[in-house]
Amino acid sequence: HTLIQGPPLKQEAVGNVAFIILVSDEAWVAIEPHLPKNQPGARRVDDRRVISGIIHMLKCGGRWADCPSEYGPSTTVYNRWNRWSRRGIWTRILAR
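Calculation notes
Residues numbered from 1 in each chain as written. Predicted model: local features only at pLDDT ≥ 70, side-chain atom pairs only at ≥ 80, totals over all residues. Heavy atoms only, no water. Helix = DSSP H or I, 4+ residues; strand = E, 2+ residues; numbered from the N terminus. Buried < 20%, exposed > 50% of the residue type's maximum accessible area, 1.4 Å probe, protein only. Contact = heavy atoms within 4.5 Å. Areas by Shrake-Rupley, 256 points an atom, 1.4 Å probe, with all protein chains shown as cover. pLDDT = per-residue confidence, 0-100. Patch = residues over 30% accessible without salt bridge, like charges linked within 9 Å, V, L, I, M, F, W, Y side chains within 5 Å. Salt bridge = Lys/Arg side-chain N within 4 Å of Asp/Glu carboxyl O. Lys, Arg positive; Asp, Glu negative; His and termini not counted. Charge placed at Lys NZ, Arg CZ, Asp CG, Glu CD. Expected span 1.5 Å × (residues − 1).

### Things to note about the overall build of the chain
Next, step 1: When helices and strands are tallied, the chain shows 4 helices and 2 strands.
Next, step 2: Counting from the amino terminus, helix and strand elements in the chain follow one another as β-β-α-α-α-α.
Next, step 3: Counting every position in the chain, which comprises 96 residues, the buried fraction comes to 32%.
Next, step 4: Considering only contacts within the chain whose residues lie at least 6 apart along the sequence, 47% involve residues at least 24 apart.
Next, step 5: Accessible area of the chain: about 6,200 Å², with a carbon and sulfur share of 53%.

Here it is, written out as structure tokens:
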């Protein structure tokens with residue numbers, strides 16, 4: 001049994017970039033309940049865009065600093081991946 005069934009990603013036109021890849025609606029419904037809520041600090045960048053950026057960077061193998069800005073600030077994309085890895089959030093998401 002996998003977490004994501006059907007197409008896990010969808011394309012969306014954004015700004016000067018022809019398309020960015022976003023987590024599909026179906027996958028988001030499965031992922032969203034596992035994410036931390038009510039985190040202190042600055043206003044959060046959209047989790048769906050950040051997770052899509054994380055997937056993009058892991059697939060392309062590029063440097064985190066080169067993450068397209070359409071996914072959010074590169075430091076945010078990296079920091080979420082890093083913090084959520086240490087907290088076991090990715091393990092919980094992928095265990096479903």
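Back to the write-up after that little detour.
### A short note on the confidence of the model for the chain
Next, step 1: Per-residue confidence for the chain averages 81 on the pLDDT scale, and 79% of its residues sit at or above 70.
Next, step 2: Mean pLDDT across the elements of the chain bottoms out in strand E1 (residues 9-14) (55) and peaks in helix H3 (residues 74-86) (95).
Next, step 3: Throughout residues 1-8 the model reports pLDDT below 50, and contacts reaching past four residues in sequence, or to other chains, amount to 14 contacts.

### So, a positive patch on the surface
Next, step 1: Together, Arg83, Arg86, Arg87 and Arg92 make up a positively charged patch on the protein surface.
Next, step 2: On the basis of relative accessibility, which here comes to 43%, the residue Arg83 falls in the partly exposed class.

### Overview of H3
Next, step 1: Here H3 contains 13 residues, and its C-alpha end-to-end distance of 18 Å stays within 8% of the 18 Å for a straight helix at 1.5 Å per residue.
Next, step 2: Lining the buried residues of H3 we find helix H2 (47-60) and helix H4 (89-95).
Next, step 3: Gly88 lies just past H3 and shows a positive phi near 80°.

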